[in-house]
Amino acid sequence: MPSKLKTYLQLVRLPNAFTALADVAAGFLACGGGAGELRPALLVAAASVCLYTGGIVLNDVCDIDVDRRERPSRPLPSGRVAIGLARILAFGLLAAGFAFGALATVASGMVAAILVGLIVLYDAWAKHVPLVGPLSMGSCRFANVLLGATAASPGRPFPWIPAVLIAGLVVAATMLSRDEVAGGRRRGVLAASLVLGLIATLAVVWLRAEGRDAWGWVFLLVFLAFIGPGLVRAWQTPNPAAIQGGVKRLVLGIIPLDAVVVAGAAGPVAGCLVLGLLLPSWRIGRWIYVT
């Protein structure tokens, strides 16, 4: 791969973009979306990817001084991408995300606008506040699931619990990521594990109460099996490498958790299709960092 292309794919965290697609699929299918709503579904999928990647680039723009000290080899602090160009790319992607959302449905455009505001708020301020930061990041994912739901026909009940599940996982990943540079502490692992316990419990309650497809239980076990090893290693050896590995599994674990929702709402075939997004995400994540 040409080095310039790889640099930009690193800047937008390409592996993570698949998690945004999985969120949209979960929101759309859990809200009863079908083939007749394919056009708005594709538009909100494009909106989600643009909003996510734009937010990632803006995050690196806002963190440039910190990254010069802690991550000097990354695209912006190393000078491989000019800071001015990164700003243009960030706001261009956010604008494109809003435009795609507005083209889908009126509700999608409104949610996309809210999501732009949440992203800018997190990148510019909220992430620096200990408790507000993880909650702010979780709210972005909650809105992303809502964005997928807006592509379905109006009048259908919004899947609040699935959106809370995804938001909770992101809160856990954000908590763990606090120690990924310095390492040496288990507090993030403990906090993330507690949140994940609540997520698993809520998922079980939702699957039982709603009479969801039994395959949802199978996908829940797949999700737990995927994220578990990273947390165990981070607890046993809380060095930066182990914690970064745990964060990576939590971030990419959004895909199997979305698959739990999709399998419960639309059956195992749809769940497998969403779970399949994990393969390119994981493979690409071997040569483009996730955290």
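Scoring rules and cut-offs
- Residue numbers run consecutively from 1 along every chain, following the written order of its sequence.
- Residue-level local features of this predicted model are given only where pLDDT is at least 70; pairs of side-chain atoms are given and counted only at 80 or more, and the full residue set underlies all totals for whole chains, interfaces and linings.
- Side-chain numbers come from the whole structure's heavy atoms, not from hydrogens or water.
- In this text, helices come from DSSP runs of H or I with a minimum length of four residues, and strands from runs of E with a minimum of two, each type numbered from the N-terminal end.
- Only protein chains enter the accessibility calculation, which uses a 1.4 Å probe. A residue is then buried if its area is under 20% of the maximum for its type, exposed if over 50%, and partly exposed in between.
- For this analysis, residues touch if any pair of their heavy atoms sits within 4.5 Å.
- Per-residue and other accessible areas follow the Shrake-Rupley method at a 1.4 Å probe size, with only the shown protein chains counted as cover for residues.
- The convention is simple: Lys and Arg are positive, Asp and Glu are negative, and His and the chain ends are not counted.
- One atom stands in for each charge, and that atom is NZ of Lys, CZ of Arg, CG of Asp or CD of Glu.
- Throughout, nonpolar core names a set of buried Ala, Val, Leu, Ile, Met, Phe, Trp, Tyr and Cys residues whose side chains join them through atoms within 4.5 Å.
- The pocket and cavity definitions rest on a 1 Å grid over protein atoms only: a 1.4 Å probe that fits but cannot leave marks a cavity, an open set with protein on both sides within 12 Å along at least five of seven lines marks a pocket, and residues lining either have an atom within 4 Å of a point.
- Grid points are joined across faces, edges and corners, and a volume is the space filled by probe spheres set on the points.
- In this count, Pro and Cys sit with the nonpolar residues alongside Ala, Val, Leu, Ile, Met, Phe, Trp and Tyr, while Asp, Glu, Lys and Arg are called charged and the others, Gly among them, polar.
- Side-chain rings of Phe, Tyr and Trp, where Trp is taken by its six-membered ring, are said to pair if the distance between their centres is within 6.5 Å; with planes under 30 degrees apart they count as stacked, over 60 as edge-to-face, and otherwise as tilted.
- Note on criteria: charge over ring means Lys NZ or Arg CZ within 6 Å of the ring centre, with the direction from the centre no more than 35 degrees off the ring normal.
- Any carboxyl oxygen of Asp or Glu within 4 Å of a side-chain nitrogen of Lys or Arg constitutes a salt bridge here.
- Note: the arc covers the axis-to-C-beta directions of the helix.

Visitor: Please explain the overall build of the chain as it appears in this structure.
Guide: Along the backbone of the chain there are 14 helices and zero strands. Ordered by position from the N terminus, the helices and strands of the chain form the series α-α-α-α-α-α-α-α-α-α-α-α-α-α. C-alpha extents for the chain along the principal axes are approximately 50 × 45 × 35 Å. A buried classification covers 52% of the 291 residues belonging to the chain. Of all intrachain contacts in the chain linking residues separated by at least 6 positions in sequence, the fraction that spans at least 24 positions is 77%. Summed over its atoms, the accessible surface of the chain is roughly 12,400 Å², and 70% of this surface lies on carbon and sulfur atoms. Of note, the chain has its 24 positive side-chain charges centred 6 Å away from the centre of its 13 negative side-chain charges.

Visitor: Can you help me understand the nonpolar core in this one?
Guide: A general feature of soluble globular proteins is that nonpolar side chains tend to end up buried together. Judged by nonpolar contacts, the single largest core of 80 residues is most densely connected at Leu-169, Leu-176, Leu-196, Phe-223, Leu-250 and Leu-257. Residue contributions to this core peak at nine residues, all from helix 3 (residues 38-62). Residues in contact with Leu-169, not counting those within four places in the same chain, are Leu-196, Ile-199, Phe-223, Leu-250, Gly-253, Ile-254 and Leu-257.

Visitor: I would appreciate a short explanation of the layout of surface pockets in the present structure.
Guide: Gaps between atoms show up when a probe of the same size as a water molecule is rolled over them. Volume-wise, the largest pocket comes out at about 1,000 Å³. Elements supplying a minimum of two residues to the lining of the largest pocket: helix 2 (14-30), helix 3, helix 4 (64-70), helix 6 (106-124), helix 7 (132-149), helix 8 (160-177) and helix 11 (240-252). In terms of residue count, the dominant contributor to the lining of the largest pocket is helix 3 (seven residues). Counted by class, the lining of the largest pocket contains 17 nonpolar, nine polar and twelve charged residues. In this structure, the second largest pocket encloses a volume near 220 Å³. In terms of lining, the second largest pocket is formed by Leu-21, Val-24, Ala-25, Phe-28, Leu-29, Gly-34, Leu-38, Ala-41, Leu-42 and Ala-45. The set of elements that each furnish at least two residues to the lining of the second largest pocket consists of helix 2 and helix 3. Per element, the largest residue contribution to the lining of the second largest pocket is five residues, and it comes from helix 2. Here the residues of the lining of the second largest pocket sort into nine nonpolar, one polar and no charged.

Visitor: What's the story with the packing of aromatic side chains in this structure? I'm lost.
Guide: Pairs of aromatic rings are described using the distance from one ring centre to the other and the angle between the two planes. Under the defined criterion, the tally for this structure stands at four aromatic pairs. Ring geometry for Phe-158 against Trp-160: centres 4.5 Å apart, planes inclined by 85°, an arrangement best described as edge-to-face. Put simply, the rings of Phe-142, Phe-158 and Trp-160 pair up and form one aromatic cluster. Above the face of the Trp-235 ring, Arg-186 is positioned so that its terminal group lies 5.3 Å from the ring centre. In this arrangement the basic side chain of Arg-249 is found over the ring face of Phe-226, its NZ or CZ atom lying 5.1 Å from the centre.

Visitor: Where do I start with the pattern of salt bridges in this structure?
Guide: Should the charged atoms of two oppositely charged side chains come close, the side chains can pair. Taken as a whole and assessed by the stated rule, the structure comprises nine salt bridges. For Glu-70, the salt bridge goes to Arg-71, with nearest N and O atoms at 3.7 Å. Classification of Glu-70 as partly exposed rests on a relative accessible area of 39%. By relative accessible area, Arg-71 is classed as buried at 18%. Residue Glu-180 is joined to Arg-71 by a salt bridge in which the shortest nitrogen-to-oxygen separation is 3.4 Å. A residue pair is termed long-range when its members are at least 10 positions apart, and Glu-180 in the loop between helix 8 and helix 9 (187-209) and Arg-71 in the loop between helix 4 and helix 5 (83-104) qualify at 109 residues. One connected set of salt bridges, linked through shared partners, spans Asp-67, Glu-70, Arg-71 and Glu-180.

Visitor: Can you help me understand the environment of Ala-102 in this one?
Guide: Among the secondary structure elements, Ala-102 is positioned in helix 5. Spatially, the C-alpha atoms of Ala-102 and His-128 are 31 Å apart, while their sequence positions differ by 26 residues.

Visitor: Is there a simple way to explain helix 13 (residues 268-275) in this structure?
Guide: Given 3.6 residues per helical turn, the α-helix brings residues three or four places apart onto the same face. Those residues of helix 13 not exposed but buried are Ala-270, Gly-271 and Val-274. What you see down the axis of helix 13 is that its buried residues fit within an arc of 100°, all on one side. The exposed set on the far side of helix 13, more than 90 degrees from its buried face, consists of Val-269 and Leu-273. Here the buried face of helix 13 lies against helix 2, helix 10 (215-236), helix 12 (254-266) and helix 14 (278-284).

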